[in-house]
Amino acid sequence: MPGLSPVVAQRVEAVAVAALAVVVTVTAGYPWWSLLALFLVFDLSMLGYLHGPRLGAFCYNLAHSYTLPAALGAVAVTAAAFRDQIAWLGILAVAWAFHIAVDRTLGYGLKTTEGFEHTHLGRIGKARHAGTHQ
């Protein structure tokens, strides 16, 4: 995307992923609000911060990377191809991707070991408001 900063490009991309997740959910026959019902489950990864910023960033980033929901979705699609219907696995993968996309849209990126407020999309929270953003 010429003329867009990488941060803006990633946020625009996240809006598209979130919209796609809603379309997939509704098309699959699930209510749109099922995405909201599962939304906060993925933030349990923040509990890693109880043991420090290094473990906190690892746990948060593991749960907020598209890798695991993509793998989960691949398992669900493969199982469906073999007529093993585990649709709940697919909706969990879509809800997970939706969560990540909404977070990224709002500026909550992957964390650094500096602390929760330091992300690959810039600083958030007090660090941003203090005028120390990147």
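Quick caveat, the model's predicted, so the values are computed rather than measured. (Residues numbered from 1 in each chain as written. Predicted model: local features only at pLDDT ≥ 70, side-chain atom pairs only at ≥ 80, totals over all residues. Heavy atoms only, no water.)

Participant: An account of the overall build of the protein is requested, with residue identities and associated values reported.
Facilitator: Looking only at helices and strands, the protein features 6 helices and 3 strands. Starting at the N terminus and ending at the C terminus, the protein contains elements arranged as α-α-α-α-α-β-β-β-α. For the protein, the spread of C-alpha atoms along the principal axes amounts to about 55 × 40 × 25 Å. Relative to its 134 residues, the protein shows a buried fraction of 35%. Accessible surface, the protein as shown: approximately 8,100 Å² in total, 70% of it carbon and sulfur. Of the side chains in the protein, 8 bear a positive and 6 a negative charge, and the two mean positions are spaced by 5 Å. (Helix = DSSP H or I, 4+ residues; strand = E, 2+ residues; numbered from the N terminus. Buried < 20%, exposed > 50% of the residue type's maximum accessible area, 1.4 Å probe, protein only. Areas by Shrake-Rupley, 256 points an atom, 1.4 Å probe, with all protein chains shown as cover. Lys, Arg positive; Asp, Glu negative; His and termini not counted. Charge placed at Lys NZ, Arg CZ, Asp CG, Glu CD.)

Participant: With reference to specific residues and values, describe the environment of Gly 122.
Facilitator: On the secondary structure map, Gly 122 appears in strand β3 (residues 122-123). Put simply, Gly 122 and Arg 104 are 18 residues apart on the chain and 11 Å apart in space, counted from C-alpha to C-alpha.

Participant: Kindly report on the packing of aromatic side chains, identifying the contributing residues and their values.
Facilitator: Any two aromatic rings considered together are summarised by their centre-to-centre distance and by the angle between their planes. Summed over all chains, the structure comprises 2 aromatic pairs. Arranged with centres 6.1 Å apart and planes meeting at 75°, the rings of Phe 39 and Phe 98 form a pair that is edge-to-face. Residue Phe 39 is located in the loop between α2 (33-37) and α3 (53-63), and its partner Phe 98 is located in helix α5 (residues 87-105); the two are separated by 59 residues in the primary sequence. Under the relative-accessibility criterion, Phe 39 is labelled buried at 16%. (Phe/Tyr/Trp six-rings, centres within 6.5 Å; stacked < 30°, edge-to-face > 60°.)

Participant: Tell me about the sheet that holds strand β2 (residues 115-119), and name the residues and values.
Facilitator: Read from one edge to the other, the open sheet built from 3 strands follows the order β1-β2-β3, with strand pairing classed as antiparallel. Looking along the sheet, the strands with just one partner apiece sit at the ends: β1 (111-112) and β3. Where β1 meets β2, 2 bridges bridge the pair, whose relative direction is antiparallel. Bridge pairing in β2 links Thr 112 to Gly 115. (Pairing = 2+ DSSP bridges.)

Participant: Describe in detail the nonpolar core, supporting the description with residues and values.
Facilitator: Ranked by size, the top nonpolar core spans 16 residues in total, and within it Leu 35, Leu 72, Trp 96 and Phe 98 carry the most contacts. At the level of secondary structure, the elements contributing two or more residues to this core comprise α1 (6-27), α4 (67-81) and α5. The element contributing the most residues to this core is α5, with 8 residues. (Core = buried A, V, L, I, M, F, W, Y, C linked by side-chain atoms within 4.5 Å.)

Participant: Lay out the environment of Leu 121 with the relevant residues and their values.
Facilitator: Its place among the elements puts Leu 121 in the loop between β2 and β3. For the pair Leu 121 and Gly 109, spaced 12 residues apart in sequence, the C-alpha to C-alpha distance is 5.2 Å. Here Leu 121 is in contact with Val 7, Gln 10, Arg 104, Gly 107, Tyr 108 and Gly 109, once residues within four sequence places are set aside. (Contact = heavy atoms within 4.5 Å.)

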